[in-house]
Structures are given as C-alpha cells and as structure tokens.
Amino acid sequence: MPHTATVPEAITDHALRAYLHGLPGVDEVGARARAQDLATRSIKTTAKAAAIDLAISMVDLTTLEGADTPGKVRSLCVKAALPDPADRTVPKVGAVCVYPDMVAVAVEALRGTGIGVASVATAFPAGRAPMEVKLADTRRAVADGAAEIDMVIDRGAFLAGRYLKVYEEIAAVKEACGDAHLKVILETGELVTYDNVRRASHLAMRAGADFIKTSTGKVSPAATLPVTLIMLEAVRDHHAATGRRIGVKPAGGIRTTKDAIRNLVLVNETAGPEWLTPDLFRIGASSLLNDLLMQRTRLSTGTYPGPDHYTQD
Amino acid sequence: MAERRDGGKRKNEGAADGGATENRTTATKADVPARIAVRKTYKLYLGGAFPRSESGRSHPVTSADGAHLANASLASRKDARDAVVAARKAFGGWSGRTAYNRGQILYRIAEVLEGRHAQFADQLVAALGVSRAEADRYVSAAVDRWVHYAGWTDKFAQVIGGSNPVSGPYYNHSTPEPTGVVVVFAPQGAPLLGLTSVLAPVIATGNTAVVVSSESAPLASIDLAEVLATSDVPGGVVNVLTGKAGEIGPHLASHADVDALDLTGAGESAVDFERAAAATLTRVLRPGPEADGGEDAWLDTDPGTSRLTPFLETKTVWHPVGM
Amino acid sequence: MIFEYAPAPESRSVVHLRETYDLFIDGEFTPALSGEHLTSLNPADEETLARVSVAGEADVDRAVVAARRAQENVWGRMSGAERGKYLFRIARIIQERSRELAVLESMDNGKPIKETRDVDLPLVAAHFFYHAGWADKLAHAGFGPDPRPLGVAAQIIPWNFPLLMLAWKVAPALATGNTVVLKPAETTPLTALVFAEICQEADLPPGVVNILTGAGETGRALVDHPGTDKVAFTGSTEVGRGIARAVAGTDKRLTLELGGKGANIVYDDAALDQAVEGVVSGIFFNQGHVCCAGSRLLLQESIAEEFLPRLKERVAKLRLGDPLDKNTDIGAINSAAQLERIRELTDTADEEGVERWSPECALPESGYWFAPTVLTGVGQAHRVAREEIFGPVLSVLTFRTPEEAVTKANNTPYGLSAGVWTEKGSRMLWTAERLRAGVIWSNTFNKFDPTSPFGGYKESGYGREGGRHGLEAYLG
C-alpha cells in the first residue's frame, strides 16, 4: 500500500511532513457515518457475554487524580485482580494505570496477580515540561516496575507542524522505556481534525509506539467512536505496510457496557479479530468496570443488580 | 407542395450561383431593365454553413396570394441526421460558455436583426399577406424577444435552482442544466416571431437546436439563420431544416441522440412524434394554444419561464460538510 | 478471538397480518370485482405472508371515479392549510407506527431491518412532513401566483422501496390538491395497504387516496384509463417507454423515474476509507435494488491496486442473512424472477471473460439470495457495464485521466446518479459539472432527503421528485 509503506529515508521535518500529508485524507462526515453505522450492531446473549468478559480483560483500570493516595491505589489493585468478589469466573483486568509516584505502590499490590502496572509519564497530562524531565519521569516509572508507559505527545509541536520534535520525543521515550511497552497518547480532543488523528497515529507508530492511545481523559472530547475508528484504520494500514501490529487504546468517556461493546465491534470490523486481545486493544476507564460487572450479572441471572453490590473504589 | 430535384450531392459552394434567367433574347431595347435583381438562393443552415440539401431537392415557396417567392431546400432524412450531428458537436462548447457570454451573443442577434428590420418586414408581408404595420410589429417583437431571452441566460439558474436544506451535514444544491439537442418544430403560421419565441429559450439555456421551419413559410427561418451566422452564434448551435415536417420529423423524433422535442409546429404529426420519442425517453413539449395562432399568438411580451424549463434538467449535487 | 454476533432478530409481533387484503377504494377496503388474488411472499423464506386482491379494469374505474369525486368535491376545494394538516397527521401516525411498518417492509421486501428502520421509515415520515408544509404555500413555489392541481394522479411504484416510493408519489400529489390512485408493486403490496389503514386512521376524506393492488395488467389498466390527468411511474426503463407511448396523444402529464447505471468515480486523492464505504453502500445498499446504485466503479489506475484489496476486505465483512436480524447488512433478493435476472446477467460476465469475486458467504437454504459480487477487468463493452443488474453486483473499470473518467461515466443511455470521490474541491466541481446525471453524490453516496430533488437525465426518465422542484409535476 503505497500510502503507508513509504518510510521517510532520512527523518527530517520535511520528510515527515511529506509522508504524513501524503496519507489519504479522512472525510469527517463519512467517518462519523461509518462509526455510527457500526454502533447499531446489536450484540446479544452469548455474543454479549463473550464481549463483556473480553472487555473486562481489556480494561486499564485507572486512577489519575491529584487526590490519589496509596490506600486508594491498593484498593483499586484488589479490584483489578478480583473485579467481582462474588463471582470468581470474572476475568482480571488488563492493567492498572496510575501516576508515576504510585507505581511502586501498585506494583507491590499487584504482585503475583499477573496484572501489569501502567504509568502515565512525560509530564502527564499537558506534556509541557523540558525533555530531560519527561525522560526522567519515564525512567523512574520503569525503574519502579511499570510494565507500560502512557506518554503524551507535544500537541503544540504537532499542531505547529514540528513533526520531527514529536517524533524525536516519542523515540527518546521509547528508548527510556527499555522493555516496558510504550503507549503514545495523541490527545485527539486537542488535535481536533480526523486528518490530524490519522497523521499523529502514523507518526507515533513510525516513532516506535507499541500502542496508540486517544486521550488523557483530562480533555473533552476524549475517546469518540470515529476517533477510535480512524486509529484502528491506522494500525490496520501500518500492519499491511510493515507486518507489525500496533495496539489501540481508547481512553476517557467509555463508561457503559454499550460503549465498550461498540468499541469491540469497531475493532472486529475495522482492524479485524486479530486485535481482539488485551495485547492489542485496551480501554482506559475507571467507572466502566462496574457497569460491565452489572451487565454480566444481569445476563447470567436475568435480574438487574444494584450498584451497591459492586465495590466503589 | 411541388418538389424539384437537381440530382446532385450537396455542394458547399456558397451563395454565388444565381438562378437568373432574366435575359430574354426577344426583348426590345426599351424592355431592358436598368438592373437585374440578384435573387437569393435559400439553402439549409447546418453546422454554421449554408449547404443545399444533400438530396438536391428544393420546393417552391409562394406568397400568401400564391406568387412564387423563391425555392427553398427540401431537407432529407440525411440532412436531418447531419443536423443532429452538428447540434451534438456544438453542445459541449455552447453549454460550457458562461451564461454572460451566451447573453451577449443573444443580444447581438437582436442588434443584427434590428438592422435588417426592413428585410424581415418585407419577408413577412409577402409570406403572410399582412400589412406593413403588422409586419413591423412582428419584427420589433422578435427583436425584443431576443433581448428578453438574452437577459434570461444568467438568471434562470438562480430562479430555478437553489440550495436544499437537507437534514444532515451536507451541502446540497440543485442547478438547471440544458437537456442537450432539442428539435424545434417551428410554428407553421408564425415564421419569424413564432420561430424566435420557440428557438430563443432553447439556446438561451445552453441547448443546441435543430429547427424544422414552417413548411409553407420557411424563408424567414433562413434569413434568420443568416442573422445568427453573423452574430457570433457558434456553428451548429442552431441548425435550420426547411422542408416537410412529415418527412423528416419521424427520423428526428425517433433519433436516439435527440434529447427533446418541441412539437409546437408539428401539427397532426405531434402525437406520432411523441410516441416515437418514447422509445428513448426523449423529452416532449406538446403543442400549446399558441401553436396555430399565427404571429399574433406570440405577442405576449412576458412569456415567463414556461419555455425555458421544458428543456432543462435539474442536477442536484451533494457534498459533506466537515473539517 | 472470533467475535460471533449472536442472532438479534427484531420481533415480528408488532405486525398483524390479515390473511387477505382487499382493494382500498373510496375510503373503504372492498373486494376486487375481478375476484382474483395474488399472494405476497417473504423472499427470505418463501413463506406466504398474505393474499391480496388483483384489481381489474372495473376496479380501476371505480377507483378513478372515487378519486375524481373526492378531488372535485372535497380535496381540491379544501384550503391548503387544511390539506396540510391531514398530511402532518399522516406523518405523525407513520412515526408512531414506524417499527410495525419497518418490520412489515422487511418481511415483504427482504431488505434488512437496519435499513427499513433507519432509512426507509424516517424518510417516509419526513417526506409527508415536508410536503405537508407546502400545501398552503404553493403560490410561493415559483409556479405562478395561482398554481392549480392537475386532478387525479395515477401512480405506479416499484418493489425496491415500497413505502418510500409511495411517500414520494402520494405526499406531493396530495399537498398540491390532487387525489391519487396508486398501484404498489406486485411483490410488495403490504405496507401500502397498511398505509391505507393509516389514511383511515387520519380520517382522510374517502377517495383522496385509493390503493389498487395487482400486477402488470392492473398497472396497464390504470395508465390507460382516460379519467386521470397525470401518470407518475417509477420502475424499469422498458416499462417506462411503454407508458410514455401510451400517454402520447392524451392530455395527461407524465413523470418517469427509471433505471440507471451509475458511475462512482474514485480519484487517486480520495479519502480512501470513506471512498470504500461509499462504494460499498453505493452498490450493496438494499441488495443493489436501487435505480441510482453506483453499479460501475471507475477507479483511477494509480490507486486501483491499493483500492481493490481494501474494497474486497470490506465486502467480506458484509453480513448476509435474515432481514429481520438487526446485524444484517444484505438481505434477500426480492423475488425469484429478480434473482434469475441477476444470475443471468452476471453469468454473461463469466462468458465474456470478466473476473468474478465474492467473499465466502453462506447463503440460507430457502429464500432468494445472491452473494455480494465484485467484477474486475470490466470493459465498457461488457454487458455488465452497460445493463442495469439491479442486484448486489459491482462492475469495476479503471481510468487514467479526469476526462476519461467523465467520458466513461457518461457513456451510457442512463443518467440518474453518479459519484465523485476526491479531496480536491475544484476537481470535484469540474467533474460534477460534466456528469450527465440528475444526482451527483460527491464524497458520499445514496443519500436522500425530501427537500432534495431526485430524478434522471436521458433514459433514466424525466421530472423530479422531492423538493420545490418535485411540486411542478403535480401543478398545472
């Protein structure tokens, strides 16, 4: 696929611009219509049960508050490993996502569960810090045991057309990650246009992202279906061009089981079933998990449970 | 109607060959005229040229009181075919001109026609047997009709087209476009004003025309063709066939490359032509009440859009509106 | 993981079918004098849905007489404002009964519930709502200060969008003060009969709307009846020619909305993912039973190799099956006869050496089905590039320059629709200006709206339906 296979020979601003602006455009109305059409898929009974368990296993259970405490983080980790104390058949979540200073606490709390800790880094959420601070932020989180780093890109640089700066930051953070997986947050709500979302996706993948992620959760709109659709198209095209599968993580605004299942439908019919694994698709969320659990109970018992039957962490 | 045949293929030698046989060997000196009039040979108007019928036929045209006026070409099936080819060839260029440019050209027709007022008035007096005053009125009205339609060229799209407020994020716009090649059966008893009234709206909107002239009074149509030919109307935009509608009409009505018919002057053949047109869904404008009313029926100074819209297609374009 | 979507059938319980339906004449359901019946099948399982009457000449006459009486005594004399209120009322009842109508339409036609629910029914209601508002504003529509109704309109509609085509015909006719005698298609009469019930529910004066079921003979009798002032037909070009011939020599006005062989031009700078979607919806929407379908894909050669795999990948994801399943993208072919025609024409492609591709796609055992099909290596001369297939079959051709694209797109006797895909505005407008078609979808396809005039150039028919333009067909 010529549009996506052309890797810039020398990484320069000029070469990156030529490459990114040579990608096929995105028609906003058409992209929205496709996402809307897929949102009408009706996932019922056995398909819904399978989808709920898959979605639970993809949740990056997240707390990213100024008021976070070790106690709150530990409580979240217990929930991550055992989402429903009344039902041990519920799968554990994909990861727990915290601020860098809470990584050690979370790693300790999750020891033996097989659940990794993801840490936001690089002066999350604004990303407005000197490069050395961002790298130190990253190294420290990795040193404390983070298996995944969720970095933010410099949206200002991207919007100003300084693609090389964005590229180099991602590449540097990737290097600082070592073995940790790198999720690159595009903050699509600030990129505004779908053309930008597509370009930023490809830029991040070329620079070394293991995952591309929609949002910090601190900016509205966060993960919308059309944005996730475009990012899924990007990873599909990147795979076709390079053979490498990059993951996608919508984050922010996904609160209900219906939202989660719509995302899975999008994955299934855009990137394809190969992406229907926590290794390649995650959902960044906090309140979603309880709704998934409630719907799971509803499906297996036929009665609607109340929110007090699920832990509030 | 009588018919003559000179047996030749079409010659494109222009108007230089006279048919004069005025000199009589028996004339006395006193009978010798001071000057012999140069008569006009009436030919067809095809693709911007004035050829004779390829069939070599002509037919005599007489005045209202039966006097011989001239011989007009008697167009054949093949002439009709050639006319459609010429009109089709001219369509892209003519419809692609700016509306302003078409308006300028139609106005130019009015200017040139005005300059030949006397010639046309004479022609009408002879052809219709009307008074000079009546003939003047018709010629003036014909000039004014061209002016009227010259003004329509860059307005009908605004009057007829427009934007459509669809329920969704789409720009949606409808524009009238010319139908294509229109065969105009000119009104029988209205050789100038009637012809102008049916022809001008057809070409004002960017169509090209094949005119089948009034059978009994065809001379004005060829005179008008001369006006068109000297008014910057591109060749092929208007093609004029004189002859018998009943002979060439069926071929034009059923011709697959004809897009529309104006049956105003088709008389009793109108129904047959409409039926023939059905085979290729050719648009049809049926004869209206003016059809048989002579030039007087066309004196209304505000014909409105009723003769513009039948030869327009509405094209609607959608486009999403997004960032 | 393989994400299998479990069946998600829409409930049939909202539909209450009668065993037999009579004709709807003068406000009442009345048996056909002919005494004949036909059965309407569910094309997805070939089960009988109901028996409907076949109107004969005497029935046509009864209906025309009733329509004339209603036009002269009631409908033509009523103020536009009051006529409009009836239409608003009908629009509201359609909205209230939309799920019932959507399910019934899917059962009778075979089209997916997703489309009847999300496209057909919302458009049907919108069409009545839009035209209702015109009824008291006709003097401002640009057809003179006092436009008059024509009288009685004979209307014949096809089976591909049964209720939507009814709305396209009935709403403008009624808004302009005409009364109608409408014949729904032989294979899809049922929603029109429920519409007759809706007319009763709305207390529409008797005779304003008359519904005659039947087949071709009924249609012919309706066209030939001397008591109507207007014939409006949507259907095949072949039948349209016959109607134009039959109407010649009468004073009847005529509008025809006929076949098409729409070109969908994809330039190399197109937004590819949306272009793929547009090409797919252009031909596979409603099983390709769409007169304005984008049945010819014209691909710029420089992206053909990239585009086709994307297209096929997308087509492979289409879900074919039970029309009432909410996840079905492609439903049943409407009738055995139509399936036969699709097969026959598509088989010519094999004989002519065209490459034929369909995704792996299990077809249900009963009912009429045709897998989505993409034909590549098609030339202008192949039959599948010239003739309307009216099924889920896409012919792919290529071009090198914009001029070539336009020439190929226009090189058809039809002229209903065309698509243009490019991110360059000036090229879009250049192309749209040159395409000889009544509807140009640029960077979108198969969009409809009651305010947007629809209709063809050339042998795709004449007259427009919808919008201000559509009123002209019913005003004298």
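If you're wondering where the values come from, they're calculated on a predicted model, not measured in any experiment. Starting from 1, residues in each chain are numbered consecutively following that chain's sequence as written. Written order decides the labels, with chains lettered from A and ligands numbered from 1. For this predicted model, a pLDDT threshold of at least 70 governs which residues receive local features, and a threshold of 80 or more governs which side-chain atom pairs are given and counted, while totals over whole chains, interfaces and linings are taken from all residues.

## Details of the overall build of chain C
Helix and strand assignments follow DSSP, with helices taken as H or I runs no shorter than four residues and strands as E runs no shorter than two, numbered in order from the N terminus. A count of helices and strands for chain C gives 15 helices and 18 strands. Using C-alpha atoms as the atom set, the radius of gyration is obtained and then compared with a globule rule of 2.2 Å times the number of residues to the power 0.38. Computed over the C-alpha atoms, the radius of gyration of chain C is 22 Å, within 12% of the 23 Å expected from 2.2 N^0.38 for a compact globule of 476 residues. Along the first, second and third principal axes, the C-alpha atoms of chain C reach 65 × 50 × 35 Å. C-beta atoms are first placed from the backbone for all residues, and any pair lying within 7 Å is then listed as a contact. Taking as baseline every contact in chain C between residues at least 6 positions apart, the subset at least 24 positions apart corresponds to 72%.

## Thoughts on the overall build of chain A
Secondary structure assignment for chain A yields 14 helices and 8 strands. Its C-alpha atoms give chain A a radius of gyration of 19 Å, within 12% of the compact-globule value 20 Å for 313 residues. Burial is judged by counting the other C-beta atoms within 10 Å of a residue's own C-beta: 20 or more makes it buried, 12 or fewer makes it exposed, and any count in between marks it as partly exposed, with every C-beta position built from the backbone. The 313 residues of chain A split such that 57% are buried. Across chain A, contacts joining residues at least 24 apart in sequence account for 74% of those joining residues at least 6 apart.

## Notes on the sheet that holds strand E11 (residues 263–266) of chain C
Note on pairing: DSSP must find at least two bridges between two strands before they are called paired. Read across the open sheet, the 10 strands follow the order E4(B)-E5(B)-E11(B)-E17(C)-E16(C)-E11(C)-E12(C)-E15(C)-E14(C)-E13(C); overall the sheet is mixed. Lying at the two open borders of the sheet, with one neighbouring strand each, are strand E4 (162–163) of chain B together with strand E13 (355–357) of chain C. Both strand E14 (residues 373–376) of chain C and strand E15 (residues 393–399) of chain C contribute to a ladder of 3 bridges, which runs parallel. Within the sheet, the bridge partner assigned to Leu375 of chain C lies in E15 of chain C and is Ser395 of chain C.

## Some words on the sheet that holds strand E9 (residues 260–262) of chain B
All names here are of chain B. Read across the sheet, 5 strands follow the order E8-E7-E6-E9-E10 without closing on themselves; strand pairing throughout is parallel. In this open sheet, the two strands that pair with only one neighbour each are strand E8 (238–241) and strand E10 (283–285). Strand after strand, the sheet turns through a mean of 15° between neighbouring axes, direction not considered. Note: E9 against E10, 3 bridges, orientation parallel. Note that in E10 the partner of Leu261 across the bridge is Val284. Axes here refer to lines fitted to C-alpha atoms; in helices the fit is confined to the stretch in contact. Angles between the N-to-C directions go from 0 to 180 degrees. Across the sheet, helix H7 (residues 219–229) touches strand E7 (208–212) and E8, and the angle it forms with E8 is around 160°.

## A few points about the interface of chain B and chain C
Contacts between the two partners involve 23 residues from chain B and, on the opposite side, 29 residues from chain C. Those elements giving two or more residues to the side of chain B that touches chain C turn out to be strand E5 (170–178), helix H9 (270–277) and strand E11 (312–320) of chain B. Put simply, Ala, Val, Leu, Ile, Met, Phe, Trp, Tyr, Cys and Pro go in the nonpolar bin, Asp, Glu, Lys and Arg in the charged bin, and everything else, Gly too, in the polar bin. Residue composition of the side of chain B that touches chain C, by class: 10 nonpolar, 8 polar and 5 charged. Of the strand pairs in this sheet, E11 of chain B and strand E17 (residues 439–442) of chain C are connected by 3 bridges, and their pairing is parallel. Paired with Trp318 of chain B across the bridge in E17 of chain C is Trp441 of chain C.

## Regarding the pairing of E14 of chain C
Residues and elements named next belong to chain C. Residues Thr373 and Leu375 of E14 are buried on one face, and the alternating residues Val374 and Thr376, pointing to the opposite face, are buried as well. The pairing of E13 with E14 spans 3 bridges and is antiparallel. Bridging across to E14, Trp357 finds its partner in Val374.

## Focus: the interface of chain A and chain B
How big an interface is tends to be reported as the loss of accessible area on association of its parts. On the side of chain B, 5 residues touch chain A, which itself brings 6 residues to the contact. In terms of residue class, the side of chain A that touches chain B is built from 2 nonpolar, 2 polar and 2 charged.

## Here's the deal with the nonpolar core
In globular proteins that are soluble, nonpolar side chains generally tend to be buried together. By definition, a nonpolar core groups buried Ala, Val, Leu, Ile, Met, Phe, Trp, Tyr and Cys residues that are joined through C-beta atoms within 7 Å. One finds Ala55, Val96, Ala106, Val184 and Ala204 of chain A, Val184 of chain B together with Val266 of chain C to be the most contacted residues of the largest nonpolar core, which totals 362 residues. Domain boundaries shown here were taken from an automatic or database domain assignment. Lining this core are residues from two domains, each supplying at least three of them: domain 1 (12–258 + 458–474) and domain 2 (263–442) of chain C.

## Comments concerning unusual backbone geometry
Across the junction of Phe124 of chain A and Pro125 of chain A, the peptide omega takes the value 0°, indicating a cis bond. Along the chain, Pro125 of chain A turns up in the loop between strand E3 (116–121) and helix H7 (131–143). With an omega of 0°, the peptide bond between Ser220 of chain A and Pro221 of chain A qualifies as cis. Of note, the phi angle at Glu46 of chain C is positive, near 65°, even though the residue is not glycine. Mapped onto the elements, Glu46 of chain C comes out in the loop between strand E4 (37–42) and strand E5 (47–53). Phi angles above zero are rare outside glycine, and Phe390 of chain C is one such case at about 60°. Within the secondary structure layout, Phe390 of chain C lies in the loop between helix H12 (383–386) and E15. Taking the number of C-beta atoms within 10 Å as the measure of exposure, Phe390 of chain C has 24 and is therefore buried.

## Considering helix H12 (residues 225–242) of chain A
Residues and elements named next belong to chain A. Across its 18 residues, H12 extends 25 Å between first and last C-alpha, which sits within 8% of the 26 Å expected from 1.5 Å per residue. For H12, the buried fraction is high: 14 of the 18 residues fall into the buried class. Looking at the residues trailing H12, positive phi occurs at Gly243, about 80°. Here, expected helix span is obtained from the residue count minus one, scaled by 1.5 Å.

## Section: the environment of Leu135 of chain A
Residue and element names in this part refer to chain A. Examined against the element boundaries, Leu135 turns out to sit in helix H7. Assessed through the 18 C-beta atoms surrounding it within 10 Å, Leu135 is described here as partly exposed. Taking the C-alpha atoms as reference points, Leu135 and Ala172, 37 residues apart in sequence, are found 7.6 Å from one another. Residues within four places of Leu135 in sequence aside, it is in contact with Ala172, Val173 and Ala176.

## Digging into the environment of Val130 of chain B
All names here are of chain B. Inspection of the secondary structure assignment puts Val130 in the loop between helix H3 (117–128) and helix H4 (132–152). C-alpha separation for the pair Val130 and Asn71, spaced 59 residues apart in sequence, amounts to 21 Å. The contact partners of Val130, leaving out residues within four places of it in the chain, are Leu124, Val125 and Ala135.

## Some thoughts on the packing of helix H2 (residues 80–96) of chain C against helix H5 (residues 162–175) of chain C
Residues and elements named next belong to chain C. At a closest axis distance of 9 Å, the pairing of H2 and H5 adopts a crossing angle of 155°. Between H2 and H5, the angle falls in the class roughly antiparallel. Along the contact surface, H2 presents Arg83, Gly84 and Leu87, while H5 presents Ala171, Leu174 and Ala175. Split by residue class, the contact of H2 with H5 holds 4 nonpolar, 1 polar and 1 charged. For classification purposes, an angle smaller than 35 degrees is called roughly parallel, one larger than 145 roughly antiparallel, one from 65 to 115 roughly perpendicular, and anything else oblique.

## Re the domain arrangement of chain C
All names here are of chain C. Each domain of chain C was delimited in the assignment, giving domain 1 (12–258 + 458–474) and domain 2 (263–442). Listed per partner, the contact involves 22 residues of domain 1 and 25 residues of domain 2. Among the elements of the structure, helix H3 (98–109) and helix H4 (113–134) are those that each provide at least two residues to the side of domain 1 that touches domain 2. When grouped by side-chain class, the residues that make up the side of domain 1 that touches domain 2 number 7 nonpolar, 6 polar and 9 charged.

## With respect to H3 of chain B
Since the α-helix advances by 3.6 residues per turn, residues separated by three or four positions end up pointing in the same direction. All names here are of chain B. For H3, with 12 residues, the first-to-last C-alpha span of 16 Å sits near the 16 Å given by 1.5 Å per residue. The set of residues buried in H3 consists of Phe120, Ala121, Gln123, Leu124, Ala126, Ala127 and Leu128. Just downstream of H3, Gly129 is the residue with a positive phi angle, here 70°.

## Structural notes on the pairing of E17 of chain C
Residues and elements named next belong to chain C. Going residue by residue along E17, you find Val439 and Trp441 tucked away on one face and Ile440 and Ser442 tucked away on the opposite face as well. As defined by bridge partners, strand E16 (residues 417–421) adjoins E17 across 4 bridges and the pair is classed as parallel. Note that in E17 the partner of Gly419 across the bridge is Trp441. Looking down the strands as they point away from you, a crossover is right-handed if its path from the first strand over the helix to the second goes clockwise. This β-α-β element, E16 to helix H14 (residues 425–434) to E17, shows right-handed connectivity.

## Regarding the packing of helix H2 (residues 99–115) of chain B against H4 of chain B
All names here are of chain B. Between H2 and H4, the least distance of the axes is 8 Å, while the angle of their chain directions is 170°. Considering their axes alone, H2 and H4 lie roughly antiparallel with respect to each other. Where H2 approaches H4, its residues Gly103, Leu106, Tyr107, Ile109, Ala110, Leu113 and Glu114 are matched on the opposing element by Ala142, Val143, Trp146, Val147, Tyr149, Ala150 and Gly151. Tallied by class, residues from the contact of H2 with H4 come to 11 nonpolar, 2 polar and 1 charged.

## A closer look at the confidence of the model for chain A
For every residue, the predictor assigns a confidence score, pLDDT, that lies between 0 and 100. Mean pLDDT for chain A: 95, with 97% of residues reaching 70 or above. Confidence drops under a pLDDT of 50 for residues 1–5 of chain A, and excluding neighbours within four residues, the segment shows 14 contacts in the predicted structure.

## A look at the confidence of the model for chain C
Residues of chain C with pLDDT of at least 70 account for 100%, and the chain-wide mean is 97. The ipTM, which scores confidence in the relative placement of chains, is 0.97 for this predicted complex, and the corresponding pTM is 0.95.

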